[in-house]
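Here's the letter readout for the chains.
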Amino acid sequence: ATIQWYPGHMNKAKNQIQEHLKLVDAVLEIRDARLPLSSANPVLDQLIQSKKRIIILNKQDLADSSQTKKWQEYLHQQQIMSLAIDAQHTNHLQIIVQALEKLMAAKLQKFRRSGVKNYTIRAMCIGIPNVGKSTILNKLAGKNVAVTGNRPGVTKNQNWIKTKSQIELLDTPGVLWPKIDDQTVGLKLALSGAIKDSLVSAMDLAIFALEYWQHYYSPQLQAAYHLNNTDVTLSSDKLLIKLTQQFGFKDDYERTALKIIQDVRKGVLGRYTLDMVNEIE
Ligand code: G4P
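Nothing here was measured: the structure is a model prediction, and the numbers come from that model.

Trainee: Which parts of the structure should I look at to understand the site of the ligand?
Mentor: The ligand sits among 17 residues. The nearest are Q88, G132, K133, S134 and T135. When residues of the shell around the ligand are assigned to their parent elements, the largest contribution, 3 residues, is made by helix α6 (residues 133-141). The residue inventory of the shell around the ligand, partitioned by class, reads 4 nonpolar, 9 polar and 4 charged.

Trainee: What should I look at first to understand the packing of helix α8 (residues 202-216) against helix α10 (residues 236-246) in this one?
Mentor: Geometrically, a packed helix pair is captured by the angle between its two axes and the distance between the axes. One way to put it is that α8 packs onto α10 with a least axis distance of 9 Å and a crossing angle of 105°. Considering the angle they form, α8 stands roughly perpendicular to α10. Only S236, D237, L239 and L240 of α10 make contact with α8, whose side of the interface consists of A206, I207, L210, E211 and Q214. Classifying every residue of the contact of α8 with α10 gives 5 nonpolar, 2 polar and 2 charged.

Trainee: When you look at the confidence of the model for the protein in this model, what are you seeing that I'm missing?
Mentor: Detailed conclusions should not be drawn from predicted coordinates in areas where pLDDT is low. With 92% of its residues at a pLDDT of 70 or more, the protein shows a mean pLDDT of 90. As scored by the predictor, the complex reaches a pTM of 0.92 and an ipTM of 0.96.

Trainee: Please clarify how the domain arrangement of the protein should be interpreted in this entry.
Mentor: In many analyses, interface size is given as the accessible surface area lost on bringing the parts together. Split into domains, the protein comes out as domain 1 (7-175) and domain 2 (201-279). Each of domain 1 and domain 2 was reduced to a C-alpha centroid, and the two centroids are 34 Å apart. Taken together, the contact pairs 14 residues of domain 1 with 8 residues of domain 2. Of the residues assigned to the side of domain 1 that touches domain 2, the class counts are 7 nonpolar, 4 polar and 3 charged.

Trainee: I tried to follow helix α11 (residues 253-266) on my own but got confused; where do I start?
Mentor: Count 3.6 residues to each turn of an α-helix, and residues three or four apart come out pointing the same way. With 14 residues, α11 should cover 20 Å at 1.5 Å per step; its first-to-last C-alpha distance of 20 Å lies within 8% of that length. Residues of α11 that are buried make contact with α7 (183-192), α8 and α10. Among the residues trailing α11, G267 stands out with phi positive, at a value near 85°.

Trainee: Teacher, can you tell me more about the UniProt feature "binding site: GTP" (unreviewed entry) in the protein here?
Mentor: In the numbering used here, UniProt assigns the feature "binding site: GTP" (unreviewed entry) to N58, K59, Q60, D61, N130, V131, G132, K133, S134, T135 and G174. Annotated residues spanning 117 residues; largest pairwise C-alpha distance 23.8 Å, indicating distribution over more than one region. By the C-beta count within 10 Å, which is 25 here, N58 ends up buried. Residues in contact with N58, not counting those within four places in the same chain, are I30, R31, D32, A33, I85, A87, V131, G132 and I136. In this fold, Q60 is placed in the loop between β2 (52-58) and α3 (65-77). Taking the number of C-beta atoms within 10 Å as the measure of exposure, Q60 has 21 and is therefore buried. Residues in contact with Q60, not counting those within four places in the same chain, are A33, T68, A84, I85 and D86.

Trainee: Just checking my understanding: could you explain the environment of V175 for this structure?
Mentor: Mapping V175 onto the fold places it in strand β7 (residues 174-175). Take V175: there are 24 C-beta atoms within 10 Å of it, and that puts it in the buried class. Along the chain, V175 and S65 lie 110 residues apart, while their C-alpha atoms are 26 Å from each other.

Trainee: How should I be thinking about the pairing of strand β1 (residues 26-32) in this particular structure?
Mentor: Side chains on a regular strand alternate between the two faces of the sheet. Burial analysis of β1 places 7 of its 7 residues in the buried class, which makes it a mostly covered element. Side chains of β1 alternate between two faces, with A26, L28, I30 and D32 and V27, E29 and R31 buried alike. Where the polypeptide runs from β1 across helix α2 (residues 43-48) and back to β2, its parallel neighbour, the crossover connection is right-handed. Judged from the 4 bridges that link them, β1 and strand β4 (residues 121-127) form a sheet pairing that is parallel. Its bridge partner lying in β4, V27 is registered against M124.

Trainee: Would you explain the pairing of β2 in this entry?
Mentor: In terms of residue burial, β2 counts as a mostly covered element, since 5 of its 7 residues are buried. Here β1 pairs with β2 via 7 bridges, running parallel. Opposite D32, over in β2, you have N58 as the bridge partner. Across 4 bridges, β2 lies against strand β3 (residues 81-84) in parallel orientation. Considered in β3, the bridge of L57 is made with A84. One crossover worth recording links β2 to the parallel β3 by way of α3, and it is right-handed.

Reading the values: the criteria
Residues numbered from 1 in each chain as written. Predicted model: local features only at pLDDT ≥ 70, side-chain atom pairs only at ≥ 80, totals over all residues. Near = placed C-beta within 6 Å. Helix = DSSP H or I, 4+ residues; strand = E, 2+ residues; numbered from the N terminus. Nonpolar A, V, L, I, M, F, W, Y, C, P; charged D, E, K, R; others polar. Axes fitted to C-alpha atoms, helices over the stretch in contact; angles between N-to-C directions. Parallel < 35°, antiparallel > 145°, perpendicular 65-115°, else oblique. Contact = placed C-beta atoms within 7 Å. pLDDT = per-residue confidence, 0-100. Domains from an automatic or database assignment. Expected span 1.5 Å × (residues − 1). UniProt positions renumbered as here; feature names shortened; annotations may be inferred. Buried ≥ 20, exposed ≤ 12 C-beta atoms within 10 Å, placed from the backbone. Right-handed = clockwise from strand over helix to strand, strands pointing away. Pairing = 2+ DSSP bridges.

What follows is the structure, encoded as structure tokens:
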């Protein structure tokens, strides 16, 4: 089954974000560090145009750190500022404010030089559902702010989160839909929990995960499920059958599939990145 967004919703979200973009100087584009490419939406590039941007690779605690490093190098080459963070387990996200200060240094300097007082630099968070936008905003606000649900677009009433410096952040994030232009992107988003499980079959998802781990993270797969070198070279369906026996699930392959998916998400299969930097064409 394909995953679709209705054009009407897309346009509404786009327009709402566009309205809010008029209020800000810079954009914090939040992505999932495990999916530096698949959790982005190219529409954002059109929307923000010449606005300054920082790409935040959030959930770095779950991602393969060597890949995160490579992604940051790649973004740096593209002259895009990026930050890798773990918003959930970090209490102080001052690093984001500092990065914004650096990004907006020229403008801040101009204000200071010309003697303007009470100036502010404003920014907003934008990203697809579940990348951690609310977590980041709540931590920056130091309290629970009213953050929108995971509906594309943004709400009407905005408040500004004040920081210790001249930076202010819109307390409601812009929610973009993920761009699912092929089945693999859909599977990656589903595996990371970014889109609803019901959109993809558990079996397809587990087979995809096994294939991916057999290819990229075979030692982690072996360690997690006590497999030998030959096991990990089996075809993914054969491996799923073997695991079903091993788990004592009789011939309940669906149960095995669900366990594999849960294990991936819980980190039983180690830290992982689902978009490899060397795969960018
Ligand atoms: P959103 O506003 O972009 O939709 O995302 P939100 O902040 O609600 O975060 C989605 C889930 O991701 C939350 O889990 C949150 O705790 C988790 N999360 C956010 N930042 C990080 C991070 O840096 N590392 C890790 N490991 N998790 C992070 P949740 O509400 O418990 O949902 P779930 O556990 O059911 O997915």
